[in-house]
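Remarks on the overall topology
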Amino acid sequence: MNESLRNIWTILKRELTGYFASPVAYVFIVIFLLLNGFFTFMLGGFFELGEASLSRPFFNWHPWLYLFLVPAAGMRLWAEERRVGTLELLLTMPITAAQAIIGKFLACWAFLALALALTFPVVGSVYYLGHPDGGAIFAGYVGSLLLAGAYLAVTVATSAMTRNQVISFILSVVICFFLILAGWEPVTSLLVRWAPAGLVELVTGFSVMPHFASFQRGVIDFRDLLFFASVIVFSLFGTSVILRGLRGA
Amino acid sequence: MIDVENLIKEFGPKRAVNGVSFTVRRGEILGFLGPNGAGKSTTMRMITGFFPPTSGKVRIGDHDISEEPIAAKKLIGYLPESAPCYSDMTVSGFLRFTAEMRGMRGAQIDAAVARVAGLCFLEGVLHQSVDTLSKGYRHRTCFAQSILHDPEVLVLDEPTDGLDPNQKHEVRQIIKRMGQTKAIIFSTHILEEVEACCSRAIIIDRGTVVANGTPAELKARADAAGSVHLRVRNVAAETLKSRLSGLPVAGRVQIHDNSDGSLSARVFPRDKSTRADLALSVAQAATQSGWSFDELHTEEGRLDDVFRAITLPDSVKARE
């Protein structure tokens, strides 16, 4: 195996075992599943809608659910390293900062993917009750995972900014909230009334909402993939700049 | 193995390290001394590649730490100042992780972990979580991490800090043993430690190297170094002083009245060239005069005094 891949894998493994070494991971998964169930069946009106689809009752809530849960899962990634001083240990090992950043990001993303995968009973329910569009459900899951990845990348960056996990949490919630609001219909319809069309387009261009919406509809578009990929790459690159700044370069 | 050349580090307007240069060869143990905030840790962080230097060069073996960081870091074992460990892991998990990061695989890892666990007396706590360990054990766990891959270069920031006297002794023994084949640099506040294990010492103050030499050379720079100490009974202070001052090789003479009725005399050499003959002359003078003395020795000078003399700010010196 290539040396840099091996380093990423070693860090990923450490982070993942770190999650499951404490009860935090289990608590997180339980809360995630409970909230998902609550939103889907109680608020989402899964049964009242009477359609065999997950788009509205299930995926609709994910941007809001992830807004708090993803920063909570990722806030410790760098903040804790900085607080305890293990950052010095990690970055004096024969690895690059990029390998460490990617390893940590992938570990947390894999953890979120596991939590998301555990929502499979919802899929079972729609199949039991009707004849849903399997492709749309698959696209929804892909979109949901990418959305979580985008939030997580932002959290990784804010986590590197501070040694305090709470500050990292709040910062990433604020930024992710902006990523939602910039393209959320109630906000954009307000904006349209007075702002020039170019500005509205620029602001909504930052939002995850229209891109997530097309996954929800069951469309996997290259442009949407590119959007999420670029948010992730940009944030992770930002993290490496922040880490370099920390060391006084 | 370690070549540091004109290293400078600035944090904003503050210059923490200002033109530090030195070399550590294989088989050498360099003691790194200095008051708090002198720039010791910052220098070590630049040597290990954690901080990029503002200017200057660090070479580890054949590799420049800024240009080939990975190759250089492979040669280094590093114990940071606070001995940080991942607290959510077990000792063995932490060491195995480090071993993997150092490129070891399978049986290699088992062997390396077993070796350092034995060296650092960690066998009893291998399966304990790091955050349940006492400070001494945590410290040794981090130390174990630094020697896990049997590195050519060892950089230790206060390796004996927070250890009990037995553990301190153990760690010093390990350092001394490893020092025979590796290049080691370690910082400390404990001056006896430098005398006990270093082949060379550097004193750094306000970001610059102010002294560089073997412990013996540094001690010779002490004020009292080379003076002869004589303790006599039943001799008048005046006689003692005039007789000793009369010696051709002697310079200043200080008489001190001990509480038990004896007198101590400290005779400084007149100049460097008379140092060697001083003790003999004093001894002859004492026997010729028929004094009964129970102590006669040449002062080596204390590293403490040198350290204080070099690193004390001028304002404090004036006050004393």
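Computed from a prediction, not measured in an experiment: that's the story for all the values here. (Residues numbered from 1 in each chain as written. Chains lettered and ligands numbered in written order. Predicted model: local features only at pLDDT ≥ 70, side-chain atom pairs only at ≥ 80, totals over all residues.)

1. A look at the sheet that holds strand β1 (residues 2–11) of chain B
Residue and element names in this part refer to chain B. Let me state the cut-off plainly: In this description, strands pair whenever DSSP reports at least two bridges between them. A run of H or I in DSSP becomes a helix once it reaches four residues, and a run of E becomes a strand once it reaches two; helices and strands are each numbered from the N terminus. We call two residues in contact if the C-beta atoms placed from their backbones are at most 7 Å apart. The angle between two axes is taken between their N-to-C directions and runs from 0 to 180 degrees, where each axis is a line fitted to C-alpha atoms and a helix contributes only its stretch in contact.
Judged by pairing direction, the sheet is antiparallel, and its 4 strands sit side by side in the order β2-β1-β4-β5 without closing on themselves. Two strands bound the open sheet, and with one partner strand each, they are β2 (14–24) and β5 (63–64). Pairing analysis gives 2 bridges linking strand β4 (residues 55–60) to β5, with the strands arranged antiparallel. Its bridge partner being in β5, R59 is matched across the sheet by D64. Contacts from helix α1 (residues 40–47) reach β1, β2 and β4, with the element oriented near 120 degrees to β1.

2. Re the interface of chain A and chain B
Contacts between chain A and chain B engage 19 residues on the former and 20 residues on the latter. For the side of chain A that touches chain B, the secondary structure elements donating two or more residues are α1 (3–21) and α6 (86–91) of chain A. No other element matches the 5 residues that α1 of chain A contributes to the side of chain A that touches chain B.

3. Re the domain arrangement of chain B
For clarity, the cut-off: Delimitation of the domains relies on an automatic or database domain assignment.
Each domain of chain B was delimited in the assignment, giving domain 1 (2–220) and domain 2 (228–299). Here the C-alpha centroids of domain 1 of chain B and domain 2 of chain B sit 45 Å apart.

4. Quick notes on the pairing of strand β14 (residues 292–298) of chain B
All names here are of chain B. Selection rule: Partly exposed residues are those whose C-beta has more than 12 but fewer than 20 other C-beta atoms within 10 Å; 20 or more makes a residue buried and 12 or fewer makes it exposed, with C-beta atoms placed from the backbone.
Burial analysis of β14 places just 0 of its 7 residues in the buried class, a small minority of the element. Pairing analysis gives 6 bridges linking strand β11 (residues 228–233) to β14, with the strands arranged antiparallel. What sits directly across from V228, in β14, is T298.

5. Topic: the packing of α1 of chain A against helix α7 (residues 97–117) of chain A
Residues and elements named next belong to chain A. Heads up, the condition is: These descriptions rest on fixed angle ranges, namely under 35 degrees for roughly parallel, over 145 for roughly antiparallel, 65 to 115 for roughly perpendicular, and the rest for oblique. The crossing is said to be left-handed when, going from far helix to near helix, the turn is anticlockwise and less than a right angle, and right-handed when the turn is clockwise. Note that Gly is not counted as nonpolar here; it falls among the polar residues with everything else outside the nonpolar set of Ala, Val, Leu, Ile, Met, Phe, Trp, Tyr, Cys and Pro and the charged set of Asp, Glu, Lys and Arg.
Axis separation between α1 and α7 bottoms out at 8 Å; the angle between their running directions is 45 degrees. Classed by the angle they form, the pair α1 and α7 counts as oblique. In this structure, α1 crosses over α7, and the sense of that crossing is right-handed. Here S4, N7, I8, I11, L12, E15, L16 and Y19 of α1 come into contact with α7, specifically with Q99, A100, I102, G103, K104, L106, A107, C108, A110 and F111. Split by residue class, the contact of α1 with α7 holds 12 nonpolar, 4 polar and 2 charged.

6. Side note on the packing of helix α11 (residues 185–194) of chain A against helix α12 (residues 197–205) of chain A
Residue and element names in this part refer to chain A. The interhelical angle for the contact between α11 and α12, taken along N-to-C directions, is 160 degrees, at an axis separation of 9 Å. As judged from the angle between their axes, α11 and α12 are roughly antiparallel. As for how α11 packs across α12, the hand of that crossing is right-handed. Residues T188, L191 and V192 of α11 lie in contact with α12, whose contacting residues are V200, V203 and T204. Classifying every residue of the contact of α11 with α12 gives 4 nonpolar, 2 polar and no charged.

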